[in-house]
Amino acid sequence: MRRFWRDWLIGVLLFLGSLVGLRAQVSQYGMELVAKPDPARVGSDVAFRLVITNLTSFAQGTFQVTAFVEGAGTFLSATNVLGYATNQVSGNGLTNTVFFEIPVLTNNQVADLRYAFRPSTHGSIQQNIWIQSAGTVFYVTNYTTRILAGVADLEVGFRSVPRGSLPGDLLACTLTVTNRGPDRAGDVRLTNSWPAGFVLQGVDPSGMVLDRRDPEWVILLGSLDVGEGRSVQVRFQPQASGTFPWTARAGVPDFGTSPGWIPAATTRVSVAEPGPGSFRVATLAPSVFSRQTGLMQQRIRVDNVGSNPVEAVRILVRGSPTGLYNAHGTNGLVPFVTLTEPLLQGEGRDLWLQTFNPLRTPGPDPELSGVEVPLPGGFQPETVPVLIDRVVRNPDGTVGLEFPTQLGRRYIVRFGPGLRAKGELALPVQTATANRVLWLDWGPPLTPIPPADAASRFYEVLEVTWP
Amino acid sequence: MPRHHSIFRTPAWVAPPVLASLLATAPTLAQSLWVQDDWTRNFRLGVQVTLNVQAQLSIDGVVPRRSTDPGPVGVPGRNHQYDDGYVRVDATGNAGGVTSSWGYQDASQYDPATDQLVYRSTLGFSARDQVTVDSGPMPGVEMVYGGRLHDWRWVRLGWEFGYAWVPMELRDTSTLPAQFLREVQAFDVGGISLPTAPYQGGSSGIGPVIPDISKARPDEVLGGFLSGSRGLDVDLHSFRLGPNLFWRFGKQWALSGSIGPALGLLSGGYSYNETFRFSDGTTAANVGGQDKLVCVFGGYAAATVLYRVVYNADLYVSSQFLSLGGAQYGGGGRRATLDLGQTVMTSIGISWPF
């Protein structure tokens, strides 16, 4: 009986409304659709909350809301505290029609309609919402909810960012991507953006597919399990001086990240122009064959003939047909060594150059020149320590370190003035040619000053595992 | 095709799986005693144990060693392999008369008086030993194929061809006293700081280098022991062909006998894996051998008991006496004689008549 009077009252009100020309319009309903979580994940529940407010100034009888939900998944539930809710699944299972009905939605009353799905494929869920009231149907709008294949927080890091470089140097930098979960990430892509003045020389390990569209280029890293990291070495050549930002962003197609997670990192690569220093570089003696190393060795001297002290000197070695075995780097095609000890005005240093000549005979003297450079650095290889078997202090002032090696593996020595000092790396990295190596510290350019001139020197042998 | 008609006619592959279950009901499988009612051919497959194979192994006199080559003295650019190291040609071709491809085993090899590395290579040894080694039971496999020539009531005259494979290992593991002859060569170190022994230099040309010309030192004769093992590792493939007399003496029981010529192929040969234990405490490995193919002839006699478990499957037990000629191996002071003259083979398996 009460229902009869209620419906009768609604009918009267609607009749009166029509008499005064007031008709409900779509704009007269407040509506909000919220998906949680948004974006959602395949296989995880996504809850939708559809809130509709009657702003028509009139009570609406037999108020109906229909949500056409397109997207593969499983319908879980629907609730309507003001009425009832039903769901109908299409034959192919790709569309759910969720229907809500409210007998009366009074003015300013809020209909809180809730329903939930569990998506089975990544992509999106499309929803079209319709409202019907008093025989009038309104198409309200459509909503799209993104469905992710998974969530993986990828951490990007730079390592061994070179310092003290000049335009034309062949440089290398390590990028590491680590999957911090929660899902295994397949097809991880590392997108790099850097200045137009950088020329990409290659990526190690080789064989990775490289999608290159300057100034962005992509390394395809493959899949990463949770907790797994992968490093790549990027070889590049700056063409100009300056400080250049380099941003690397990791991602997986159709994957998301946790809220607030930034799967990217930025570093700055400084490339300097040569300083104004002036140097005289000359050979001191002909190249001689060393039976201890199997290499040709030549003693040279560099003198600061400029008007200012310099922080570091780079000696460029041109015209050596067999290259430079102890080169610290290459600028263009010219190998060089760097003296990393400050050189005062008028001060000079002796250095050793090493070359491998299969004939074991002296070649022509190289053409030498020196340029002032900022103090180089930045090389931070991944290493494991190696025990030193024997330390020999030789009569000529050199110090020999003997340690076990494995043929073909690479080793480097770190040295410093104290036992606890972090120390510097004695470049270059050496590849073992036997089952043990007798490494000789003879001073520049391997170490800044001869060991005999150092107050104290401590050594640590490291096997380089990356790069 | 069988001459009788059985209600049990089923595909042949069914027989093995149902064999066990049919064993219990075997007495119900009626079988005519007349062999003319039986199948006309058969194929047997079984495992075999071979007994009474012997080998005489002997070492007598000077045995040269072939596994290392110390190389010539005084000649540059040659490879030298020693018991205690090596000096080889490196990637540069020993440019400058030096090589990075060298190694040594022990610090005692360095002679500070002459600044030389001393290497030794055992040229041979003398020892005396003669043992007879019995093989013991040796497993193998046997296959036999046979057919019918003529039937008389319970007896059939047929033929059969057999093949058997037996891997044989007859080794002497005794430790022998021996006298060793070692060639001694030396290389100048050239003043380098020697890496600690044991050192194995690579062939890249980079690293410590030493001159590549060996210098002769007097040979050494010293005592010691020869340990390890030496002997024969051969596979016997025997083939036989002969007449066969088959007698069915019970509904499910039959006896078969065969005699005829046999041929044996022996692959493999003499091998040794020894260690020289010198009186100065050092050791050297001596590994080698010589394979060859030997053909021996002889004859056989075999007797087989068969039990019919299903209409076309028999279990059989067979014993065979095989007499083949002996085979000689070795050389250079080592000798081995394989005696196959009184070989006994026992086999068990399944026979499929068809």
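Residues numbered from 1 in each chain as written. Chains lettered and ligands numbered in written order. Predicted model: local features only at pLDDT ≥ 70, side-chain atom pairs only at ≥ 80, totals over all residues.

### Some points on the overall build of chain A
Argument step 1. Helix and strand content of chain A: one helix and 35 strands.
Argument step 2. Across its three principal directions, the C-alpha atoms of chain A cover 120 × 45 × 40 Å.
Argument step 3. Here the analysis covers contacts within chain A between residues at least 6 apart in sequence; of these, 73% occur between residues at least 24 apart. (Helix = DSSP H or I, 4+ residues; strand = E, 2+ residues; numbered from the N terminus. Contact = placed C-beta atoms within 7 Å.)

### Description of the overall build of chain B
Argument step 1. Per the secondary structure count, chain B includes one helix and 21 strands.
Argument step 2. For 354 residues, the compact-globule estimate of 2.2 N^0.38 gives 20 Å, and chain B exceeds it by more than 25% at 31 Å.
Argument step 3. Along the first, second and third principal axes, the C-alpha set of chain B runs to 95 × 40 × 30 Å.
Argument step 4. Burial statistics for chain B: of 354 residues in total, 35% are counted as buried. (Rg over C-alpha atoms; globule rule 2.2 N^0.38 Å. Buried ≥ 20, exposed ≤ 12 C-beta atoms within 10 Å, placed from the backbone.)

### Looking at the confidence of the model for chain B
Residue and element names in this part refer to chain B.
Argument step 1. On average, residues of chain B carry a pLDDT of 89, and 91% of them reach 70 or more.
Argument step 2. A low-confidence stretch, residues 1-30 (pLDDT under 50), is modelled with 25 contacts involving residues beyond four sequence positions or located in other chains.
Argument step 3. For this predicted complex, the interface confidence score (ipTM) comes to 0.75, while the overall pTM stands at 0.74. (pLDDT = per-residue confidence, 0-100.)

### A closer look at the environment of Pro342 of chain A
Residue and element names in this part refer to chain A.
Argument step 1. On the secondary structure map, Pro342 appears in the loop between strand E26 (334-339) and strand E27 (348-355).
Argument step 2. Using a count of 14 C-beta atoms within 10 Å as the deciding quantity, one classes Pro342 as partly exposed.
Argument step 3. Along the sequence, Pro342 and Val313 sit 29 residues apart, while their C-alpha atoms lie 8.2 Å from each other.
Argument step 4. If we ignore the near neighbours within four places in the chain, the residues touching Pro342 are Pro309, Val310 and Glu311.

### A look at the sheet that holds strand E6 (residues 84-89) of chain A
Residues and elements named next belong to chain A.
Argument step 1. Reading across the sheet, the six strands line up as E2-E10-E9-E4-E7-E6 and stay open at both edges, with mixed pairing between neighbours. A single partner strand is all that each edge strand has here, and the edge strands are strand E2 (40-41) and E6.
Argument step 2. In this sheet, strand E10 (residues 136-148) lies alongside strand E9 (residues 123-133) in antiparallel orientation, the contact comprising eleven bridges. Residue pairing for E10: Trp130 is matched across the bridge by Tyr139. (Pairing = 2+ DSSP bridges.)

### With respect to the interface of chain B and chain A
Argument step 1. Each partner contributes to the interface: chain B provides 20 residues, whereas chain A provides 20 residues.
Argument step 2. The residue makeup of the side of chain B that touches chain A, split by class, is eight nonpolar, twelve polar and no charged. (Nonpolar A, V, L, I, M, F, W, Y, C, P; charged D, E, K, R; others polar.)

### Quick notes on the pairing of strand E4 (residues 60-70) of chain A
Residue and element names in this part refer to chain A.
Argument step 1. Looking at chain direction, E4 and strand E7 (residues 95-105) are connected through ten bridges and run antiparallel. From the neighbouring strand, Thr66 faces E7, where its bridge partner is Phe99.
Argument step 2. As paired strands, E4 and E9 are joined by seven bridges and run antiparallel to one another. Residue pairing for E9: Glu70 is matched across the bridge by Gln126.

### Description of the sheet that holds strand E3 (residues 46-54) of chain A
All names here are of chain A.
Argument step 1. If you walk across this open sheet you meet the four strands as E1-E3-E8-E5, and the pairing is antiparallel. Of all strands in the sheet, those bounded by a partner on one side alone are strand E1 (29-36) and strand E5 (73-80). Neighbouring strand axes in the sheet, compared pairwise and without regard to direction, differ in orientation by 15° on average.
Argument step 2. Relative to strand E8 (residues 110-119), E3 runs antiparallel, the two being bridged by eight bridges. Within E8, the residue paired with Leu50 across the bridge is Leu113. (Axes fitted to C-alpha atoms, helices over the stretch in contact; angles between N-to-C directions.)

### What to know about the nonpolar core
All names here are of chain A.
Argument step 1. With 77 residues, the main nonpolar core has Val65, Val177, Val188, Leu190, Val302, Val313 and Ile315 as its most contacted residues.
Argument step 2. Non-local contacts of Val313, meaning those with residues more than four positions away in its chain, are made with Phe279, Val302, Thr338, Leu339, Leu343, Gly370 and Glu372.
Argument step 3. In terms of nonpolar packing, the next biggest core, distinct from the first, is built from 27 residues, Phe403, Ala432, Ala434 and Trp439 among them. (Core = buried A, V, L, I, M, F, W, Y, C linked by C-beta atoms within 7 Å.)

### Observations concerning unusual backbone geometry
Residue and element names in this part refer to chain A.
Argument step 1. In this structure, the amide linkage connecting Asp204 to the following residue, Pro205, adopts the cis form with an omega of 0°.
Argument step 2. Here Ser57, not a glycine, exhibits a phi torsion of approximately 75°, which is positive.
Argument step 3. Residue Ser57 is classed as exposed on the basis of its 11 C-beta neighbours within 10 Å.
Argument step 4. Phi angles above zero are rare outside glycine, and Ser160 is one such case at about 60°.
Argument step 5. Among the structural elements, Ser160 can be located in the loop between strand E11 (150-159) and strand E12 (171-182).
Argument step 6. With 21 C-beta atoms counted inside 10 Å, the residue Ser160 sits in the buried group.

### Comments concerning the confidence of the model for chain A
Argument step 1. Scored by pLDDT, chain A has a mean of 89; 94% of the residues are at 70 or more.
Argument step 2. In this model, residues 13-24 of chain A is a region of pLDDT below 50 whose contacts with residues beyond four sequence positions or in other chains number eleven contacts.

### Some thoughts on the environment of Thr283 of chain B
All names here are of chain B.
Argument step 1. Secondary-structure assignment places Thr283 in strand E16 (residues 283-291).
Argument step 2. Taking the C-beta count within 10 Å as the criterion, Thr283 has 15 such neighbours and is therefore assigned partly exposed.
Argument step 3. Separated by 199 residues in sequence, Thr283 and Asp84 place their C-alpha atoms 8.7 Å apart.
Argument step 4. Residue contacts for Thr283: discarding those within four places in its chain leaves Thr275, Phe276, Arg277 and Phe278.

### Some remarks on the environment of Val87 of chain B
Argument step 1. Among the structural elements, Val87 of chain B can be located in strand E4 (residues 85-87).
Argument step 2. In the structure, Val87 of chain B is positioned 16 residues away from Gly71 of chain B in sequence and 9.6 Å away in space, judged by C-alpha atoms.

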